[in-house]
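Overview (structure and organization)
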Amino acid sequence: MSYVIHGATGAQGAPVVAALAASGASVTALTRNADAVVAGARARAVDLHSVEGLTEAYRGADGVFVHLPLGGEEDRLAYARNVVAALTAARPARVVFSTSGGTPVELADGAVVTVIDGLKAAGLSHAVIAPRLFLENLLLPPVVTGAREQGVLRYPLRGDYAVSWASHLDVADAAVALFGRPEVTGLVEIGHDPGTTGPELAEAFGTHLGRDVTYEALTPAAFAESLAPLLGSGAAAGVAGLYDRLATLPDNAIASHRSARHLLGLAPRTTLQWLADAGPAPSGGGSRS
C-alpha cells in the first residue's frame, strides 16, 4: 500500500507518517523543503501553488492525508482549490482530510469548506477528521510554565467551558484507521466526549506534576499578548480572534454519534494519558496538600 502525507514534518503529518511506516507501508512525505529527510518515508518537495505537481504526487496512491497549512485567507483558499483540483485529476483510492480543528466544522473557514465540498463533488472515497482544540496547545511556554512553576494553568476559556480536547496522535490514529475503513465516510469528530473543562485540565496537570494546579481563565487579548513574543503580533491576533469566536458558543464539544469512538472504536487519549506520553516533566517542587 502506498500513501502520500501532507505536512509530513509537522505536528499532524509526522505521526501519520510514523504509524504508516511502522506498518510496512510505502510512504511519500510531502514537504516544502527539497532537502528534508523523513524517517521511514521518501520525501518529496511540492509547491501548493502547482496543481500539476500535486497531481503527479497523488497519482497512483492508495491513500492521501491532507491538511492545509496556516496562512492568510487568500493563500489558504488557493491551496484548497489546487489540492481539490489535483485530487480530482489524480483520483487516489482514498482521501483523509483533517480540518485541523479550532471551531466546529459547521463554522469552518472558506478553505476548509472548499476542500470538503470539493471532495464530495469529485466523488472520491473520503473521510473528514474534525478535531476541536489540540492538547499540544497546552505545551505553549506561557501555558505550561505557569502550571509547572506557579501552579496555575492559564487559558483563554471560561472555567465551565467544555472542550473535546484531542492530541495530534489521536488524529494520526484516526487517519490510519480510516485508510483501512473505506466504508466509513463523511465526518469523524475527534476528542474528549464529554468535553473537558479548564479545572479538569488543571487537576490532570496537578496529578502529573505532583503539585496543586488551579485554573485561571484569561481573556483572548491577554493570551495573545503572552504569545506575541513567540508567534509574532499578527499570528497572536489570529489566535485571539479564534478564542473570541469560541466564547460566543456554549461549548466546543463533539457530537457522540460522529465521534471516532462511535465510528471507529477509537477512544481519545485522556489528558493524563497524553501528559504521560508528551507532557512536561514534573518539577519536583510544590505540594499536594
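Here, the structure is the one placed above.
Now for a description of the structure that goes with this document. Small disclaimer: the values here were computed from a predicted structure and weren't measured.

**Some details on the overall build of the protein chain**
Tallying secondary structure elements over the protein chain gives 11 helices and nine strands in all. Taking 19 Å as the expected radius of gyration for a compact globule of 289 residues, we find that the protein chain reaches 19 Å, a close match to that expectation. In terms of principal-axis extent, the alpha carbons of the protein chain reach across some 60 × 40 × 40 Å. Classification of the 289 residues of the protein chain by burial places 48% in the buried group. Pairs at least 24 apart in sequence give 78% of the contacts found in the protein chain among residues at least 6 apart. Total accessible area on the protein chain is roughly 12,400 Å²; 54% of this is exposed by carbon and sulfur atoms. Between the averaged position of the 20 positive side-chain charges in the protein chain and that of its 27 negative side-chain charges there is a distance of 4 Å.

**Considerations on the pattern of salt bridges**
Summed over all chains, the structure comprises 10 salt bridges. Notably, a salt bridge pairs E189 with R132, separated by 3.0 Å at the nearest N-O pair. Residue E189 is found in strand β8 (residues 186-189), and its partner R132 is found in the loop between β6 (126-130) and α5 (141-150); the two are separated by 57 residues along the sequence. For the pair E189 and R132, one class covers both residues: buried. A salt bridge links R181 to E183, with the shortest nitrogen-to-oxygen separation between them at 2.4 Å. Three or more residues joined by partner-sharing salt bridges are found here, namely E106, R132, E189 and R258.

**Observations regarding empty space enclosed by the protein**
Considering all chains together, one arrives at three cavities of 30 Å³ or more under this definition. In this structure, the largest cavity occupies an estimated 60 Å³ of space. Lining the largest cavity, in full, are D170, D173, A174, I190, G191, A260, L266, A267, P268 and R269. With three residues, the top contributor of residues to the lining of the largest cavity is helix α6 (residues 168-179). Considered class by class, the residues forming the lining of the largest cavity number six nonpolar, one polar and three charged. Reported here for the second largest cavity is a volume of approximately 40 Å³. Lining the second largest cavity are E189, I190, G191, D193, I254, S259, A260, R261, L266 and P268. A class-by-class count of the residues in the lining of the second largest cavity yields five nonpolar, two polar and three charged.

**Remarks on the sheet that holds strand β3 (residues 42-45)**
In space, the seven strands of this open sheet follow the order β3-β2-β1-β4-β5-β6-β8, with parallel pairing throughout. Where the open sheet ends on each side, the last strands, each with one partner, are β3 and β8. The mean angle between the axes of side-by-side strands here comes to 20°, regardless of whether they run parallel or antiparallel. With four bridges joining them, β6 and β8 adopt parallel strand pairing. Along β8, the bridge assignment pairs V128 with L187. Strands in contact with helix α4 (residues 110-122) are β5 (95-98) and β6; relative to β5, the strand with the most contacts, it is inclined by about 160°.

**Examining the packing of helix α8 (residues 220-231) against helix α9 (residues 233-246)**
It is the contact of α8 with α9, at a shortest axis distance of 8 Å, that shows an interaxial angle of 150°. If you check the angle between α8 and α9, you find them roughly antiparallel. Handedness of the α8/α9 crossing: right-handed. Residues P220, F223, A224, L227, A228 and L231 of α8 form the contact with α9, whose own contacting residues are S233, A235, A236, V239, A240, Y243 and D244. Here the residues of the contact of α8 with α9 are counted per class, giving 11 nonpolar, one polar and one charged.

**Regarding helix α2 (residues 51-58)**
Among all positions of α2, only L54, T55, A57 and Y58 are buried. One face of α2 carries all of its buried residues, which in axial projection span an arc of 160°. At its buried positions, α2 is contacted by β1 (2-5), β2 (26-31), β3, β4 (63-66) and α3 (73-90). Trailing α2 by a residue or two, G60 shows a phi angle of about 85°, which is positive.

**Focus: the packing of helix α1 (residues 13-22) against α6**
Contact pair α1 / α6: the axes reach a minimum separation of 8 Å and the direction vectors enclose 45°. Between α1 and α6, the angle is such that the two are oblique. Here α1 and α6 pass one another in a crossing that is right-handed. Of α6, the residues touching α1 (which contributes P15, V16, A19 and L20) are H168, L169, A172, A175, V176 and F179.

Calculation notes
- Residues numbered from 1 in each chain as written.
- Predicted model: local features only at pLDDT ≥ 70, side-chain atom pairs only at ≥ 80, totals over all residues.
- Heavy atoms only, no water.
- Helix = DSSP H or I, 4+ residues; strand = E, 2+ residues; numbered from the N terminus.
- Rg over C-alpha atoms; globule rule 2.2 N^0.38 Å.
- Buried < 20%, exposed > 50% of the residue type's maximum accessible area, 1.4 Å probe, protein only.
- Contact = heavy atoms within 4.5 Å.
- Areas by Shrake-Rupley, 256 points an atom, 1.4 Å probe, with all protein chains shown as cover.
- Lys, Arg positive; Asp, Glu negative; His and termini not counted.
- Charge placed at Lys NZ, Arg CZ, Asp CG, Glu CD.
- Salt bridge = Lys/Arg side-chain N within 4 Å of Asp/Glu carboxyl O.
- 1 Å grid on protein atoms, 1.4 Å probe; cavity = no way out; pocket = protein on both sides within 12 Å on 5 of 7 lines; lining within 4 Å.
- Points joined across faces, edges and corners; volume = space filled by probe spheres on them.
- Nonpolar A, V, L, I, M, F, W, Y, C, P; charged D, E, K, R; others polar.
- Pairing = 2+ DSSP bridges.
- Axes fitted to C-alpha atoms, helices over the stretch in contact; angles between N-to-C directions.
- Parallel < 35°, antiparallel > 145°, perpendicular 65-115°, else oblique.
- Left-handed = near helix turned anticlockwise from the far one by under 90°.
- Arc of directions from axis to C-beta.

Purely geometric numbers; function is a separate question.
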